[in-house]
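# Fold and geometry: a report
The chain contents come next:
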Amino acid sequence: MNKSILIIGACGQIGTELTLKLRELHPNECIIASDIRQGSKELMKSGPFEVINALEYESILAVINKHKITDVYLMAAMLSATAEKFPEKAWELNMNSLFNVLNIAKEGIVKKVFWPSSMAVFGPSTPKENTPQFTIMEPTTVYGISKQTGERWCEYYHKKYGVDVRSIRYPGVISWKTKPGGGTTDYAIDIYHQAILEENYTSYLSSETKLPMMYMDDAIKATIQIMDADENSIKIRSSYNLAAVSFTPEDVASAIKKVIPNFKLNYAIDFRQDIADSWPDSIDDSEAQKDWGWKPSFNLKEITLNMIQNLTETYKNSNV
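Model, not experiment: these values are computed from the prediction.

Now for the overall build of the protein. Regarding its fold elements, the protein presents 12 helices and 14 strands. In terms of overall dimensions, the protein is globule-like: its C-alpha atoms have a radius of gyration of 19 Å, near the 20 Å expected for 320 residues. Judged by the C-alpha coordinates and their principal axes, the protein covers about 55 × 45 × 35 Å. Out of the 320 residues in the protein, the part that is buried amounts to 55%. Sequence-distant contacts in the protein: of pairs separated by 6 or more residues, those separated by 24 or more amount to 78%. Here the protein displays about 13,900 Å² of accessible surface, and carbon together with sulfur accounts for 49% of that area.

And the structure:
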């Protein structure tokens, strides 16, 4: 059976680049992008697009039937910082969209589901260094609570109904192509923009706040890799730990100064600090390495060089 993929939430930070990468790997007509509204020009020109509200079961089902979808990537979500401002809306979007897709998969209408979890499932009581795959999880954010709950439902639907659902716990994701979507780790993207535009940046996280991060290329690679893995190799049906690098704002600033010597970093701590303090410093992803061969490709130096080079070119071309 030929593969036909639907990405729900294709206009988001990860969804946009995931869609474009999948279209590099498969015929465009086999990759259906969707979101509640249209996305960037690049995304819209790249292949088929459907308007879908992730909260509307019938809307999702109609598109799945229309395009004979086999695999669904559910990327729609309200992220950590935004979710704290709109708790009930975040819960509704993050949970009910998952139920819609899992229930469609339960009926055998689609074969595979990808659903992203997050390091936000961990909390202050979780071991902060090399956070294990199986450990105490007491999230203190709306986003983290919804992701932890979603993990339990994914595992339940796999055990109860045989749904082939796969998930990874993303760390903070860094990209030059798309703007951040309201996450606590957004500073690690904004800092590169401001380094180029203003040669200074004011961080809302403290200098010693160390968080697990990942370059977008690695996040996309992991997402596609777990979905392409043999079903028998996926041993964990809640969500896999995923890691690449961990760093502080000072670490990023030091890396930037090697390219932009006059760069200055300032601080104005806000509510996102409490969120960051509840998350791990580093993550043990040995289960993902063992089960489906995960291995990151980018360290902080490589991330910094890629971000500055690509953003400089982008701003040059846009006459900013």
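Right, let's get into the packing of helix 7 (residues 187–197) against helix 9 (residues 249–257). Relative orientation of the contacting elements helix 7 and helix 9 amounts to 30°, with a least axis distance of 11 Å. The pairing of helix 7 with helix 9 is recorded here as roughly parallel in orientation. Here helix 7 and helix 9 pass one another in a crossing that is right-handed. In contact with Tyr187, Ile191, Tyr192 and Ala195 of helix 7, helix 9 contributes Pro249, Val252 and Ile256. Per-class residue counts for the contact of helix 7 with helix 9 are seven nonpolar, no polar and no charged.

Before going further, it helps to examine a nonpolar patch on the surface. A cluster of nonpolar residues, Trp153, Tyr156 and Tyr161, forms a patch on the protein surface that exposes about 280 Å² of accessible area. Relative to the helices and strands, Tyr161 resides in helix 6 (residues 142–161).

Sheet strands pair by backbone hydrogen bonding; their relative direction is either parallel or antiparallel. The strand order across the open sheet formed by three strands is 6-8-12, and the pairing between neighbours is parallel. Strands with a single pairing partner mark the edges of an open sheet, and in this sheet they are strand 6 (117–118) and strand 12 (240–241). As paired elements, strand 8 (residues 168–170) and strand 12 share two bridges and run parallel to each other. Its bridge partner being in strand 12, Ile168 is matched across the sheet by Tyr240.

Let's shift gears to the state of the cysteines. One pass over the structure, following the stated rule, counts zero disulfides. Looking at Cys11, it has no disulfide partner, and the nearest cysteine sulfur is the one in Cys30, 20 Å off.

Parameters and conventions
- Residues numbered from 1 in each chain as written.
- Predicted model: local features only at pLDDT ≥ 70, side-chain atom pairs only at ≥ 80, totals over all residues.
- Heavy atoms only, no water.
- Helix = DSSP H or I, 4+ residues; strand = E, 2+ residues; numbered from the N terminus.
- Rg over C-alpha atoms; globule rule 2.2 N^0.38 Å.
- Buried < 20%, exposed > 50% of the residue type's maximum accessible area, 1.4 Å probe, protein only.
- Contact = heavy atoms within 4.5 Å.
- Areas by Shrake-Rupley, 256 points an atom, 1.4 Å probe, with all protein chains shown as cover.
- Axes fitted to C-alpha atoms, helices over the stretch in contact; angles between N-to-C directions.
- Parallel < 35°, antiparallel > 145°, perpendicular 65-115°, else oblique.
- Left-handed = near helix turned anticlockwise from the far one by under 90°.
- Nonpolar A, V, L, I, M, F, W, Y, C, P; charged D, E, K, R; others polar.
- Patch = residues over 30% accessible without salt bridge, like charges linked within 9 Å, V, L, I, M, F, W, Y side chains within 5 Å.
- Salt bridge = Lys/Arg side-chain N within 4 Å of Asp/Glu carboxyl O.
- Pairing = 2+ DSSP bridges.
- Disulfide = S-S within 2.5 Å.

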